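Descriptive analysis of the structure
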Amino acid sequence: MLKTFVQLLGEDAPVFRRYAGMAVFYGLLSGLTITTLVPVLQGLLVGDVQAAGRWLLVLLLGMLACWAWRRRVERAGVAVGVAVLQGARHRIGDHVARLPVGWFTPEHTARLSHVITQGMMAVAQLPAHVFTPVISGVVTPLVILVALFVLHPPLGLVALLALPALALVLLLTARLGRRSDALYQHHFAQTSQRLVEFAQAQSVLRAFNGEGGSTRWLEQAIDEQRRSGRDLIFLSSASTVLNAWAVQASFSVLLLVAVGWLNTRLGGALPASDSVAVVVALLLVGRYIEPLLDVAGYSEVMRGARGQLEAVREIFAVAPMPEASAPQAPRDASVELQDVHFRYAADQAEVLRGLSLRIEPGSMTALIGASGSGKTTLVRLIARFFDVEQGSVRVGGVDVRQMSSAQLAAQIGQIFQEHHLFAGSIADNIRVGRADASDAQVLEAAEQAGVGEILARLPQGLQTPVGEGGARLSGGERQRIAIARALIKDAPILLVDEATAALDAENQAAIAQTLARLRGRRTLIVIAHQLSTVAMADQIVVLEDGVVSEQGAPGPLRASAGRYAHFLAQRQAAKGWRVAPDPDADR
Ligand SMILES: Nc1ncnc2c1ncn2[C@@H]1O[C@H](COP(=O)(O)OP(=O)(O)O)[C@@H](O)[C@H]1O
Ligand SMILES: [Mg+2]
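The paragraphs below set out a description of the structure included in this document.

With respect to the element layout, Phe-188 can be found in helix α6 (residues 153-200). Relative accessible area serves as the criterion here: at 41%, Phe-188 is assigned to the partly exposed category. C-alpha of Phe-188 to C-alpha of Val-84: the two residues are 104 residues apart in sequence and 28 Å apart in space.

Put into structure tokens, the structure is as follows:
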């Protein structure tokens, strides 16, 4: 936990070390101050008022010093919190910026935003509000323990033996709490997911189950969540009680030992100094227990913070994309995959299984294949969203791992199905493709991508704000802005994931026009769903189960009565379309 905290602070770690040192010193100081009670009480009990008075002065000075130092510790704790808020977000940001693009799934993105907002807030408050009492709550009793040993060794021994027992109880309750916490989070996530499914699938559910039946499995999830929530509440209150109880129990044992010892000794002739020592030691025991009770009380808060730090640790544990040490520039606009193996996670099956493919500069390639055959994965690997497990992806004859990310980015434009728009104007969003584009160039790209029609409706034209994430535009409008972005970037290679049925005819047309305009001038790699696109390609590549199962020009391929011919027949049957016969294919 401390390791993650220090990692999170990066170059600000000395601020934390300084604070931690100060907090330890505070614990020592208050422990020593409390032990000055010993000579004060001894003086009073044996009637040496002068000595008691002197030590009382020392005690008062000690208390004053403790108070002043505590304020400094608190300020240092706040400084650590500020460092967390200011620096740690940047450090997480810097780390995340070097992660593979493919890491940014909706789940990871949601977790990241949670960590950066709520998580960091909780972590930043830790030093000032939790670490200080916990650190001093451990150090102070240690000092008192030494004093107890000096005063009365048997009591000191019992106090020492109580420590491991206490630690064991605290660890045990923390572990139980962590487990039920994780279980609760799991059920919580499941319920939210079911709720969304439930809302989205209403028509299906009602049609098949009637109104009542449709809520059954949602209720199941809610039930499970309630049950694990109840367990969590029970467990955390039980562990708070148990922790406090363990501390109190060791206190009672200490008392019993002291009283028992006094009893056996009182029969005989007990030297006065001895009984004084025991009485004073008993008072110290109270002081020994109190900070430990504090520590026990904070265990629940610590567990919550630990969860947040764990989430941070997981993010830091993802390895960044390695950057080439001696980057090489690509030589042309070709793309080549050699025996590529790839899987999304170590425990999942291979998605690409030894795929090889060469794409000539300036050619157009249409990728087709059943859903799940690996088309999207293939284009993601070309753009280096991930690194391959085996084999290589070469762009312009150079392995993408041997290029700088800037060099690769300059080679590749993308029109994918999911694109993000930034809260800014339409023009700003198109300029993401090329920051120094002139107004005239932005307008030209917009016109070519079919954004012109959208602009005509908007009084502010290109300067219209798109809203956060493009919220004020429809899906189709966002896609056309993404096309304009790719056009203005004018990279030698363009990757296109042609939209499926979800997009309207105008967007299909906008993509088709773009492809027709760039054909022969750029390397085009298109995941094709429209027959017209497929027919336009120089080369068709059919993917099946992670390998290339067929490859060739449209004409010969259609004639071969293989997968592609089958695909064509299906599409034509489905849409009632016919592709104009290719002169060299028929007969
Ligand atoms: N981000 C991801 N994490 C894990 N598995 C994925 C991810 N994206 C795709 N897959 C899996 O990889 C396989 C190929 O998917 P994909 O490349 O999207 O195929 P296609 O585009 O041909 O439909 C599928 O089995 C899919 O479930
Ligand atoms: Mg796909």
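Once the structure has been displayed, the description carries forward.
What follows deals with the site of ligand 1. All residues in the neighbourhood of ligand 1 are listed as Tyr-344, Gln-348, Val-351, Ala-370, Ser-371, Gly-372, Ser-373, Gly-374, Lys-375, Thr-376, Thr-377 and Arg-380. In this structure, an oxygen atom belonging to ligand 1 sits 2.6 Å away from a side-chain N or O atom of Thr-376. In this structure, Thr-377 approaches ligand 1 through a side-chain N or O atom, which is 2.4 Å from an oxygen atom. Against a free-state accessible area of 560 Å², the protein chains account for coverage of 63% of ligand 1. Split into classes, the residues belonging to the shell around ligand 1 amount to 3 nonpolar, 7 polar and 2 charged.

What follows covers a nonpolar patch on the surface. On the surface, a cluster of nonpolar side chains totalling about 360 Å² of accessible area is made up of Leu-45, Val-46, Val-279 and Leu-283. Mapped by element, the contributors of at least two residues to the nonpolar patch are α3 (37-46) and α9 (272-297).

Before going further, it helps to examine the sheet that holds strand β2 (residues 352-359). Taken in spatial order, the 4 strands line up as β2-β1-β4-β5 in an open sheet, and their pairing is antiparallel. Each edge of the open sheet carries a strand with a single partner, namely β2 and β5 (398-399). Both strand β1 (residues 335-342) and strand β4 (residues 390-395) contribute to a ladder of 5 bridges, which runs antiparallel. By the bridge assignment for β4, His-341 is matched with Gln-390.

The rules behind these values
Residues numbered from 1 in each chain as written. Chains lettered and ligands numbered in written order. Predicted model: local features only at pLDDT ≥ 70, side-chain atom pairs only at ≥ 80, totals over all residues. Heavy atoms only, no water. Helix = DSSP H or I, 4+ residues; strand = E, 2+ residues; numbered from the N terminus. Buried < 20%, exposed > 50% of the residue type's maximum accessible area, 1.4 Å probe, protein only. Near = heavy atom within 4 Å. Polar contact = N/O pair within 3.5 Å; in protein donor to acceptor, adjacent residues only side chain to side chain. Areas by Shrake-Rupley, 256 points an atom, 1.4 Å probe, with all protein chains shown as cover. Nonpolar A, V, L, I, M, F, W, Y, C, P; charged D, E, K, R; others polar. Patch = residues over 30% accessible without salt bridge, like charges linked within 9 Å, V, L, I, M, F, W, Y side chains within 5 Å. Salt bridge = Lys/Arg side-chain N within 4 Å of Asp/Glu carboxyl O. Pairing = 2+ DSSP bridges.

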